[in-house]
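Chain and residue survey
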Amino acid sequence: MKKMLWLAVAAIVAMCAMVAGCGGQQAEKKELQGISIGVMPDIDSVPIIIAEEKGYFAEEGLKVDIQKFKSAMDRDAALQSGNLDGAISDMLAVAFAKAGGFDVKVTSYTDGTYKLIAGKDAGASVPQDLAGKDVAVSKNTIIEYVTDRIMASQNMPEDSINKVVIPQIPTRLEMLQNGKLAAATLPEPMGSIAIANGCRFITDSEEMNVNPGVMMFTAKAATDKKAELQAFYRAYNKAVMYLNEHPQDEYMELIIEKSGFPAAAKDALKLPKYREAGLPAEKDISECINWMVQKGLIKQGYTYDELVLDLSK
C-alpha cells in the first residue's frame, strides 16, 4: 500500500510539473515583444504576408507589425529612424547602412528574382544582342548589380550597354512595353508582367546563380529580441510550407490584395519554390561587397561574420 501511495504521489507531482511547464511555455509566448518589419511589393515578402494571414505569427504568440513601402529609400529611412526592427532588403542596402555607421545584421536569404527583359521589338534574345543599346536600371542598386553580373557572365564590359537610369519601377516597365527601351532589368512581379505583355525574357538572377536578396534586422533587435526573431522565423517556415504545398490559385488574390502587386500579376506571375529560412552563401556576400568596393560605393569591404548573424546559436 505504501509503495502504491508513493507511486500515486510521484505521478501527481510529475503531472503538476508538466502542467506548470506548459503554463510556463504559454506565459513565455505571451511575453514576447512585438516586432516591426518593412516589406516592398515583391515576391520576397509573400511568406511574411501568408504567415500573418494564416495566423502563424499568432500561433507563436508573436505580434508582427508589417509596414509596406513603395521605395527602398523610404524603407531604409524608417529602419534607421528606429521605426522598424527589420526589413526585406538586399546586400547593397546592408553594406550602405554599415558604411554609414548603422549596424544591421543579415539573418536569412530571400527568394526574389530579377529579370533582364527585352522589348518586344528590340530583336534581342541573348545579352550580346543588347550591345550598344539602351538598358534601363536604377543606379547603385541591386538592379544595377544584377545587370552588371549578367554582362560579366557573357564577357561583356560594363559599358557595352547604354545604361539608362530610371529609378521608378512602374516607369521602367511602361517605357519598356512602349518600345522606348531595348531592355530593362525588373524585379518580380514586374518582369513576369512584361513577358505576359509581349516582351522577351533574356535571363535572370536565378539562371546566373546570383542571390543578393536578404532579410536584415538592426543589431539592437537581434540582441534585444532574439526570441522574437526565432519565433518570427518559425512562423515564416510554416508559411513557406503552405506556399509550396498549395496551388497558387488558392492564395493569389490574397497576395495581390495584401502585397500591392498589380492585378495583372494574378495571371502573369509564377511564384518560386520558396526555401525555408537559411543563411546566405558566403560567395553571395563577398561578390556583392567586392562589386561595391570596385565601384567606389563603399570605402572598405566587410567579412561574412561582420554582416551575417546566425539566430539559431
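Residues numbered from 1 in each chain as written. Predicted model: local features only at pLDDT ≥ 70, side-chain atom pairs only at ≥ 80, totals over all residues. Heavy atoms only, no water.

1. A few points about the overall build of the chain
Along the backbone of the chain there are 14 helices and 10 strands. With the C-alpha coordinates aligned to their principal axes, the bounding extent of the chain is approximately 95 × 45 × 30 Å. Within the chain, the proportion of its 313 residues that are buried is 48%. A sequence separation of at least 24 residues applies to 78% of the contacts in the chain between residues at least 6 apart. Within the structure as shown, the chain displays about 15,300 Å² of accessible surface, and the carbon and sulfur contribution to it stands at 53%. The averaged location of the 42 negative side-chain charges in the chain is 4 Å from the averaged location of its 34 positive side-chain charges. (Helix = DSSP H or I, 4+ residues; strand = E, 2+ residues; numbered from the N terminus. Buried < 20%, exposed > 50% of the residue type's maximum accessible area, 1.4 Å probe, protein only. Contact = heavy atoms within 4.5 Å. Areas by Shrake-Rupley, 256 points an atom, 1.4 Å probe, with all protein chains shown as cover. Lys, Arg positive; Asp, Glu negative; His and termini not counted. Charge placed at Lys NZ, Arg CZ, Asp CG, Glu CD.)

2. Topic: the nonpolar core
Ile48, Ile50, Met215 and Phe232 are the most contacted members of the largest nonpolar core, which totals 49 residues. Broken down by element, the residue count for this core peaks at 10 residues, all from helix α10 (residues 226–245). Of all hydrophobic cores here, the second largest spans 46 residues; its members include Leu116, Ala122, Leu130 and Val214. (Core = buried A, V, L, I, M, F, W, Y, C linked by side-chain atoms within 4.5 Å.)

3. Describing the confidence of the model for the chain
The share of residues in the chain with pLDDT of 70 or more is 90%, and the mean pLDDT across the chain is 90. Mean pLDDT in the chain bottoms out at helix α1 (residues 2–30), which sits at 50, and peaks at helix α3 (residues 56–59), which reaches 98. Long-range and interchain partners of residues 1–5, a stretch whose pLDDT sits below 50, account for zero contacts in this model, where long-range means more than four residues apart. The low-confidence segment residues 25–29 (pLDDT under 50) makes three contacts with residues lying over four places distant or belonging to another chain. (pLDDT = per-residue confidence, 0-100.)

4. Some remarks on the pairing of strand β7 (residues 162–165)
Each regular strand displays side chains that alternate between the two surfaces of the sheet. Bridging between strand β6 (residues 134–137) and β7 involves four bridges; their strand directions are parallel. Note on β7: the bridge partner recorded for Asp134 is Asn162. As a crossover connection, the stretch from β6 through helix α6 (residues 142–153) into β7 is right-handed. (Pairing = 2+ DSSP bridges. Right-handed = clockwise from strand over helix to strand, strands pointing away.)

5. Thoughts on the packing of α6 against helix α13 (residues 282–294)
Two elements in contact, α6 and α13, have axes separated by 11 Å at closest approach and are oriented at 100 degrees. Taken together, the axis directions place α6 and α13 in an arrangement best described as roughly perpendicular. Of α13, the residues touching α6 (which contributes Glu144, Tyr145, Asp148 and Arg149) are Glu287, Cys288 and Trp291. Among the residues making up the contact of α6 with α13, the classes are represented as three nonpolar, no polar and four charged. (Axes fitted to C-alpha atoms, helices over the stretch in contact; angles between N-to-C directions. Parallel < 35°, antiparallel > 145°, perpendicular 65-115°, else oblique. Nonpolar A, V, L, I, M, F, W, Y, C, P; charged D, E, K, R; others polar.)

6. Let's talk about the packing of helix α2 (residues 46–53) against α10
Packing of α2 against α10 leaves a shortest axis separation of 8 Å and a crossing angle of 100 degrees. Compared by their axis directions, α2 and α10 come out roughly perpendicular. Across the interface between the two elements, Val46, Pro47, Ile48, Ile50 and Ala51 of α2 pack against Phe232, Ala235, Tyr236, Ala239, Val240, Tyr242 and Leu243 of α10. For the contact of α2 with α10, the class distribution of residues is 12 nonpolar, no polar and no charged.

7. Structural notes on the sheet that holds β6
If you trace the five strands from one edge of the open sheet to the other, you get β7-β6-β8-β5-β9, paired in mixed fashion. The two strands at the open ends of the sheet, each matched to only one other strand, are β7 and β9 (200–204). Here the strands of the sheet are splayed against their neighbours by 30 degrees on average, with no regard to which way each runs. The pairing of strand β5 (residues 114–118) with β9 spans four bridges and is classified as antiparallel. Directly across from Leu116, in β9, lies its bridge partner Thr203. Contacting β5, β6, β7, β8 (183–187) and β9, α6 crosses the sheet at an angle of about 65 degrees to β5.

8. Considerations on the sheet that holds strand β1 (residues 35–39)
Strand pairs in the sheet, formed through backbone hydrogen bonds, run parallel or antiparallel to each other. Pairing is mixed across the open sheet formed by five strands, whose spatial order is β2-β1-β3-β10-β4. In the strand order of this sheet, the two ends are held by β2 (64–68) and β4 (104–109), each with one partner. Between one strand axis and the next, the sheet turns through 30 degrees on average, direction left out of account. As paired strands, β1 and strand β3 (residues 86–90) are joined by two bridges and run parallel to one another.

9. A look at the side chain of Asp204
Tracing the sequence through the fold places Asp204 in strand β9. Looking at Asp204, its side chain comes within polar contact range of the side chain of Lys115, at 3.2 Å. Engagement of the side chain of Asp204 in a polar contact is seen with the backbone nitrogen of Glu207, the distance being 2.8 Å. When residues no more than four places from it in sequence are discounted, the contact partners of Asp204 are Tyr114 and Lys115. (Polar contact = N/O pair within 3.5 Å; in protein donor to acceptor, adjacent residues only side chain to side chain.)

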